[in-house]
Amino acid sequence: MGFPTCYNTLMRPTVYIETSVVSYRAARMSRDLIIAGHQQITEEWWSRVLPRLDGYISPYVIGELSRGDAKASEKRLELVAVFPLLEVTPKVHGLADAYFKAIDLPEKARLDAYHLAVATWHGMDYMVSWNCKHIANGRVRMIVERVNARRDMS
């Protein structure tokens, strides 16, 4: 019996790093206690856990990190420059559209379905995100699993 990819000693587990994690890592420490807590957890994860994983991002992450203040954007982009970009194919677009409809996301959150789709399509072992409303929650996970099962992607 074989072990899952993440237990294979020849391969390290893979992780898709969503934009919110990079943003928390790059930002000045917040005075808001909740946000500061997220920043501290992100810093600890980045320094202790991420070195044991193979991190990946997508063109969607680059696009989001490029927005806003030029100096802040540059800092965020420097953090992810070391990570390979996952390819976005027509099949990723199709999967993202299926997620978008099934999760019933608002139009302004359409990109969240694309983050989910690119990570799923490329078989990432993990996905990290602070976006608990549209990405990292049990309801979304159940819907994604149902869509994947219908598309024979489980």
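Residues numbered from 1 in each chain as written. Predicted model: local features only at pLDDT ≥ 70, side-chain atom pairs only at ≥ 80, totals over all residues. Heavy atoms only, no water.

Visitor: Give me the lowdown on the overall build of the protein, citing residues and values where you can.
Guide: Helix and strand counts for the protein come out as 7 helices and 3 strands. Secondary structure elements of the protein occur, N-terminal to C-terminal, as β-α-α-β-α-α-α-α-β-α. For 154 residues, the compact-globule estimate of 2.2 N^0.38 gives 15 Å, and the protein sits close to it at 16 Å. Out of the 154 residues in the protein, the part that is buried amounts to 38%. Put simply, 71% of the contacts in the protein that link residues at least 6 apart link residues at least 24 apart. For the protein, the computed accessible surface area is about 9500 Å², with 56% contributed by carbon and sulfur atoms. With 20 positive and 17 negative side-chain charges, the protein shows a separation of 3 Å between the mean positions of the two kinds. (Helix = DSSP H or I, 4+ residues; strand = E, 2+ residues; numbered from the N terminus. Rg over C-alpha atoms; globule rule 2.2 N^0.38 Å. Buried < 20%, exposed > 50% of the residue type's maximum accessible area, 1.4 Å probe, protein only. Contact = heavy atoms within 4.5 Å. Areas by Shrake-Rupley, 256 points an atom, 1.4 Å probe, with all protein chains shown as cover. Lys, Arg positive; Asp, Glu negative; His and termini not counted. Charge placed at Lys NZ, Arg CZ, Asp CG, Glu CD.)

Visitor: Requested: an account of the side chain of R76, with residues and values cited.
Guide: If you trace the backbone, R76 turns up in helix α4 (residues 70-80). It turns out R76 is buried and unbridged, and the closest side chain with the opposite charge, D69, is 6.8 Å from it. Polar side-chain contacts of R76 include one of 2.5 Å to the backbone oxygen of R67. Discounting residues that sit within four places of it in the chain, R76 has contacts with V22, S23, A26, L65, R67 and D69. (Salt bridge = Lys/Arg side-chain N within 4 Å of Asp/Glu carboxyl O. Polar contact = N/O pair within 3.5 Å; in protein donor to acceptor, adjacent residues only side chain to side chain.)

Visitor: Requested: an account of helix α7 (residues 138-150), with residues and values cited.
Guide: The terminal C-alpha atoms of α7, which comprises 13 residues, lie 18 Å apart, in line with the 18 Å expected from a rise of 1.5 Å per residue. Buried residues in α7 make contact with α5 (90-103) and α6 (110-121). (Expected span 1.5 Å × (residues − 1).)

Visitor: Which residues make up the packing of α5 against α7, and what values go with them?
Guide: Where α5 contacts α7, the two axes come as close as 10 Å, and the packing angle between them is 130°. Between α5 and α7, the angle is such that the two are oblique. Handedness of the crossing formed by α5 with α7: right-handed. Contact residues: α5 offers L95, A98, Y99, A102 and I103, while α7 offers R139, V140, I143, V144, V147 and N148. Its residues assigned to classes, the contact of α5 with α7 comprises 9 nonpolar, 1 polar and 1 charged. (Axes fitted to C-alpha atoms, helices over the stretch in contact; angles between N-to-C directions. Parallel < 35°, antiparallel > 145°, perpendicular 65-115°, else oblique. Left-handed = near helix turned anticlockwise from the far one by under 90°. Nonpolar A, V, L, I, M, F, W, Y, C, P; charged D, E, K, R; others polar.)

Visitor: Go over the nonpolar core with me, naming the residues and quoting the values.
Guide: Formed by 39 residues in total, the largest nonpolar core has its most connected members in I17, W45, W46, L50, Y99 and I103. At the level of elements, β1 (14-17), α1 (19-26), α2 (33-48), α3 (59-65), α4, α5, α6 and α7 are the ones that each hand at least two residues to this core. (Core = buried A, V, L, I, M, F, W, Y, C linked by side-chain atoms within 4.5 Å.)

Visitor: I'd like to hear about the pattern of salt bridges, residue by residue, with values.
Guide: Across all of its chains, the model carries 5 salt bridges by this definition. With its nearest N and O atoms 3.0 Å apart, the salt bridge here joins R12 to D54. Taken as a pair, R12 in the segment before β1 and D54 in strand β2 (residues 54-56) lie far apart in primary sequence, 42 residues in all. Residue classification places R12 among the partly exposed positions, given a relative accessible area of 38%. Judged by its relative accessible area of 28%, D54 is partly exposed.

Visitor: Quick one: what's the story with the packing of aromatic side chains, residue by residue and with numbers?
Guide: With the rule as written, the count across this model stands at 4 aromatic pairs. Seen in terms of ring centroids, Y24 and W130 are 5.7 Å apart; in terms of plane orientation they differ by 80°. Their pairing is edge-to-face. In this pair, Y24 sits in helix α1 while W130 sits in the loop between β3 (126-128) and α7, placing the two residues 106 residues apart along the sequence. For W130, a relative accessible area of 23% corresponds to the partly exposed category. Taking the centre distance of 5.3 Å and the plane angle of 65° together, the rings of Y60 and Y114 count as edge-to-face. On the criterion of sequence distance, the pair formed by Y60 in helix α3 and Y114 in helix α6 is long-range, its members being 54 residues apart. The exposure class assigned to Y60 is buried, which follows from its relative accessible area of 13%. Of the residues examined, Y114 reaches a relative accessible area of 10% and is grouped as buried. Here the aromatic cluster, defined as three or more aromatic residues joined through ring pairs, consists of W45, W46 and F83. The ring of F100 has R110 sitting right over it, with the charged end atom 3.8 Å from the ring centre. (Phe/Tyr/Trp six-rings, centres within 6.5 Å; stacked < 30°, edge-to-face > 60°. Lys NZ or Arg CZ within 6 Å of the ring centre and 35° of its normal.)

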